[in-house]
Structures are given as structure tokens and as C-alpha cells.
Amino acid sequence: MTNEKPFALSEVAQRVLIVLGRENRGLTVRELVEKTDTNSGSIKRALEELTELKLIKEERENVFPYRRVISLTELGKEVAKRVIEIEELIKKVRTND
């Protein structure tokens, strides 16, 4: 038996993946806060989680105001695609009730 945690993503991390996957571009932290309707502290924790899993990458803009731009890695794009598919399936199930 291993000590590995089962794979799970927090709800906020899932929302970040969905937003980044649908936008298909890098977003600033502020944009992620707005588009996920989540506070900045929760976004920060989700970004740490996604970075640890190598699903996102962060770049700093070279012009003032030097914002952080968050985008999906190749692996992140694959995972986001699957999370979006699951979200859409769940919506279908709910509308068929």
C-alpha cells in the first residue's frame, strides 16, 4: 500500500481549469477571481494545487503593472478538457431529471 493521496481536485481548482480551458489563453489572477466568482485567497490555494500537479504555469508580464499570467500546461489542457466534458455530462443528467 502506498502513501499517495487519491487524485482529487478542489472545487476551486476545477473551476480554474474550466475557465482557462474555455478561454484558451492565459489569464491574470484578477481575471480568474472574477471569472470563477471566488476570492483571491481561494484562487491562490487552487493555483498552488494546480502548480504542484504541473497543470498550470505562471509567467510575469515584462511591463508595468507586472501582472502574473496563468496558463495551462499541455497536461493541464488535457485535464481541463476532461473536466469540461464531465461538467457538460453532469449538466445533461440534471436537465433530463
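Residues numbered from 1 in each chain as written. Predicted model: local features only at pLDDT ≥ 70, side-chain atom pairs only at ≥ 80, totals over all residues. Heavy atoms only, no water.

### With respect to the UniProt feature "domain: HTH iclR-type" (unreviewed entry) in the protein chain
Those places that UniProt annotates as "domain: HTH iclR-type" (unreviewed entry) correspond, in this numbering, to residues 13–58. Within residues 13–58, the helical portion is 70% and the strand portion 11%, while the C-alpha atoms at the span's ends are 15 Å from each other. (UniProt positions renumbered as here; feature names shortened; annotations may be inferred. Helix = DSSP H or I, 4+ residues; strand = E, 2+ residues; numbered from the N terminus.)

### Here we look at the packing of helix α1 (residues 11–23) against helix α3 (residues 40–52)
Viewed as axis vectors pointing N to C, α1 and α3 meet at an angle of 80°, and their least axial separation amounts to 9 Å. By the angle between their axes, α1 is roughly perpendicular relative to α3. Within the contact between the two elements, α1 uses V12, A13, V16 and L17 and α3 uses S42, I43, A46, L47, E49 and L50. Taken together, the residues that form the contact of α1 with α3 break down as eight nonpolar, one polar and one charged. (Axes fitted to C-alpha atoms, helices over the stretch in contact; angles between N-to-C directions. Parallel < 35°, antiparallel > 145°, perpendicular 65-115°, else oblique. Contact = heavy atoms within 4.5 Å. Nonpolar A, V, L, I, M, F, W, Y, C, P; charged D, E, K, R; others polar.)

### Concerning the layout of surface pockets
Here the second largest pocket defines a volume of roughly 180 Å³. Around the second largest pocket, the lining residues are E11, Q14, R15, I18, V83, I86, E87 and I90. Of all the elements in the fold, those that place two or more residues in the lining of the second largest pocket are α1 and α4 (74–95). Partitioned by chemical class, the residues of the lining of the second largest pocket number four nonpolar, one polar and three charged. (1 Å grid on protein atoms, 1.4 Å probe; cavity = no way out; pocket = protein on both sides within 12 Å on 5 of 7 lines; lining within 4 Å. Points joined across faces, edges and corners; volume = space filled by probe spheres on them.)

### Comments concerning the sheet that holds strand β3 (residues 68–72)
Strands sit in the order β1-β3-β2 across an open sheet of three strands; the sheet is antiparallel. If you trace the sheet from one side to the other, it starts and ends with β1 (27–28) and β2 (56–60), each paired once. Judged from the five bridges that link them, β2 and β3 form a sheet pairing that is antiparallel. Each residue of the ladder has a partner; that of E59, found in β3, is V69. (Pairing = 2+ DSSP bridges.)

### Focus on the packing of helix α2 (residues 29–36) against α3
Where α2 contacts α3, the axes come no closer than 10 Å and their chain directions differ by 110°. As judged from the angle between their axes, α2 and α3 are roughly perpendicular. The way α2 lies across α3 gives a crossing that is right-handed. Mapping the contact onto sequence places V29, L32, V33 and T36 in α2 and S40, I43 and L47 in α3. (Left-handed = near helix turned anticlockwise from the far one by under 90°.)

### What about unusual backbone geometry?
One non-glycine residue, N24, lies in positive phi territory at about 60°. Summarising the element assignment, N24 is placed in the loop between α1 and β1. The backbone phi angle of K54 is positive, close to 60°, even though this residue is not glycine. Within the secondary structure layout, K54 lies in the loop between α3 and β2.

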